[in-house]
Structure formats: structure tokens, C-alpha cells
Amino acid sequence: MEVVFEPAKISGFVSAPASKSYTQRVIACALLADGNTTIRGYTGCDDSERALLAAKNMGALIHKGESYIQIDGGHYNNGEFTLDFGGSATSMRIFTSVSCVTPGIKHITGSPQLLRRPIRPLIDALTQLGAKIEKSPGYSPPLIVHPTGLRGGEVELDASISSQFTSSIMVGSTRADTPTFITHTGGVVSRGYIRITAHVLEWFRARTEISEEFNQVEVHPSRLKPIDVKIEGDYSSAAFLLAAGAIGGHVEVGNLNPESLQPDREVLNVLKGAGCYVELGGDTAKVGGDVKEGFDVDVTETPDLAPILGVIAAYAKGESRIRGVSRLVFKESNRIDAVVDMLKSIGVDARFESGEIRVKGGGIRGGLVDSHGDHRIALAAAVAAVG
């Protein structure tokens, strides 16, 4: 599919869609909770819909309203069935642990892109906890997960590629036989998403503890209680809208929690540091003006911002550096190559050098961009056109 975007002056207000990170975690917990959980402000993006379909296939009863969904949890499918997560790595990883502690044999699969995403550290850790998981060569999905339960206890986990491995075990371990003690070996990234998982588990009355340095996470077995919750707006999605305001006019994005745990709220600080007008009042962020200054930013905790930061850098004066990008190779595409390729395709001097993406600003000339099958590359290229 080919889509053409023309330069435009933009202005207006839009409400951010519901946070995918929160929504997917709430859906997984709602499956495990006995009774009706209501999710208000639900946005039916593909990632959230994949999580919802997984919960339904596993036995949850789902009711969809106009802007909410209800999940009646505690019901389970005892058969053997397939869970297809499309391109949703978060849902696939979280539901792998949930599959260990619920009835039925699950065949976990997804799109060709998803089947290339790393999952071995999660499989190794779950196996330490008593799981039986049949895996493909190279430890990639498809997987066959048996309902063995998890025994709890001490487990070592390499979360240097993704904190989703930790979040997955945290959710599944609420059904473990004994408390689970996760020790991170090899480092941990995207710590903010572990905080989000702990926050969601707290809503469902589960007890977790995270050490100050994030080297250990403790999860206590808990009987999850259903909740009624409104999901806050998604800063990862809002980042594209906010960048468009900085490049092409003025935008106001609502439904954003100013105290959010979402790491990608960092986009506001980057825009402010680049000389843009940024105002956050109530649940609305206002962004306008021009991108004046280049910037130096580390995306170790915010890897999903890298594509749109590359576009913002293209409109800045001078050179910008985007550091902490090594694990971008494990995203929907090799995002290091995809970001550089996108920027070069529209006339920007961009390169990967010394472990970082470097971008010389000055604007773009337009061109044909290959999204590499990665929605964040496509969205970033669309925003680039507005300037």
C-alpha cells in the first residue's frame, strides 16, 4: 500500500487514544480475576484487540460498549487452541506466562515479524519456575504452552533486551504456588514499564515489590479482584501528534496524565529542550512553534520514541544524537536501519555511527519511504511531511 502525504499547516485539538501498555496488562489481569472488570476509554487498536481476543479464546466473556469493554474473568477454555497475536509482542509475551497458569494447551503464534522477536530469556525463566513450553529452533515462536502452573521461588532473568519479560512473569506469578523472586542478570531496560505492570497489579490487589536498582522484583501469590478503571492516554501515540505540532503548526492533545508512569512522556522534555513551545495543563499538552535546537537524548528507557525523534531532529538546527539504540534491532523492524533509511529517503543527512543515530537538521525535501512493515516508521514519515 502506498500513501501520499503533502505539506500542511496543522492546528487543533485531539484526544490521545488509550495507553496500549496499560490496556494489555489490564486485559491479562482481568482474565485472571473472578468477576467483571470494566475498562473505560478503551481504544480498539490492533495490539489491544489481540490481547482481548486472546482473553476471549482462553475463556473470558467479553462485552463491548461504545467506549468501554467488560471482561468477565475466571472462566477458562480447557481445550487445545491457538492464540494468534499478530504483530503484538507485548501481548504475546505477557500471555505466554498467563498461559502457564490457566487451563488448556495453547499454541502461540503471530505474524512473520512477531516470530522473529526474541523470547528466549522469558522461556528460560518460566522453565526455571516449572513451565513446560515447546519451542521452535532458536527459541522463537511458535510456542506450545502447557498448563503446568508456576511454582514460584527464585528465578534469574535477562531483561537487557526487553522489560516485557519481567512484566510477563509478574502477571503470571500472581498465580504461582509461592512468592516469586526475580533477579535481573545482564541488566534491565525500560524500567518504567515494570512500574506500569506493578501499578496495574496493585489495582487488582496484588502485592509486588521492586528494589531501588530494579535488580530484584518480588511477586506474591494473589487472588486478583476485578476493577472498574479508565485507561489514561497513550504518550507513545501522542508523541507523533505532539511532534506534528512542533513541526507544522500548533496542536493540543488531551487525555494525557501529567503524572503518568509512561516513559514516553519524555517526548515533552525533548521538545522543550529543542526550543518548542510546550505547555502541560490538566490533562492537555499544547505544543507549537519551531524546532530550534538540536538535542542529545538517550532512548534506553524510551526506544519507541526513536523514529519520531529522528524526524524532530531533521527539523532542528545542527546535529542531534539519539543514543541507547542497540536493542532497536529487535523491534518490528531493525529500527536502527529503518530510521536512518527513512531519513535519508527524504533528504536528511542521517547515519548510524559509534552506537548512536546522528541526524543533521535543516528540513526535508520529501521522497519515497519504505516503512519496513513497521507502523512507527510509517507514522514518523507521515509527520515528517507536514513541515
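## Structural notes on the packing of aromatic side chains
The tally for this structure, following the rule as stated, stands at 2 aromatic pairs. Summarising the aromatic geometry, the rings of Y22 and W203 are spaced 5.5 Å apart at their centres and angled 25 degrees between planes, so their arrangement reads as stacked. In this pair, Y22 is assigned in helix α1 (residues 20-32) and W203 in helix α6 (residues 191-203), connecting sequence segments 181 residues apart. With a relative accessible area of 1%, Y22 lands in the buried category. With a relative accessible area of 25%, W203 lands in the partly exposed category. Between the NZ or CZ atom of R120 and the centre of the ring of Y139, over which it lies, the distance is 3.8 Å.

## Points about the side chain of S260
With respect to the helices, strands and loops of the structure, S260 is situated in the loop between β14 (249-254) and α8 (266-273). Leave out the neighbours within four places in its chain, and S260 touches E232, Y235 and R265.

## Observations regarding the sheet that holds strand β20 (residues 356-360)
Strand order in the open sheet formed by 4 strands is β17-β18-β20-β19, with mixed pairing between adjacent strands. Of all strands in the sheet, those with a lone pairing partner are β17 (296-298) and β19 (349-353), marking the two edges. Ignoring strand direction, the axes of neighbouring strands in this sheet form an average angle of 15 degrees. Those strands touched by helix α9 (residues 306-314) are β17, β18 (319-323) and β20, and its axis lies near 170 degrees from that of β18.

## Some points on the pairing of strand β2 (residues 35-40)
The two faces of a sheet get side chains in turn, since along a regular strand they alternate between them. Summarising the sheet, β2 and strand β4 (residues 68-73) pair through 6 bridges and their orientation is antiparallel. What sits directly across from T37, in β4, is I71. Strand direction decides the pairing type here: β2 and strand β13 (residues 228-230), joined by 3 bridges, are parallel. Paired with T38 across the two strands is D228, which belongs to β13.

## Here's the deal with the sheet that holds strand β6 (residues 105-109)
Spatially, β5-β6-β8-β7 is the arrangement adopted by the 4 strands of the open sheet, whose pairing is mixed. Looking along the sheet, the strands with just one partner apiece sit at the ends: β5 (80-84) and β7 (133-135). Here the strands of the sheet are splayed against their neighbours by 20 degrees on average, with no regard to which way each runs. Pairing analysis gives 3 bridges linking β6 to strand β8 (residues 143-145), with the strands arranged antiparallel. Note that in β8 the partner of I108 across the bridge is L143.

Reading the values: rules and limits
Residues numbered from 1 in each chain as written. Predicted model: local features only at pLDDT ≥ 70, side-chain atom pairs only at ≥ 80, totals over all residues. Heavy atoms only, no water. Phe/Tyr/Trp six-rings, centres within 6.5 Å; stacked < 30°, edge-to-face > 60°. Helix = DSSP H or I, 4+ residues; strand = E, 2+ residues; numbered from the N terminus. Buried < 20%, exposed > 50% of the residue type's maximum accessible area, 1.4 Å probe, protein only. Lys NZ or Arg CZ within 6 Å of the ring centre and 35° of its normal. Contact = heavy atoms within 4.5 Å. Pairing = 2+ DSSP bridges. Axes fitted to C-alpha atoms, helices over the stretch in contact; angles between N-to-C directions.

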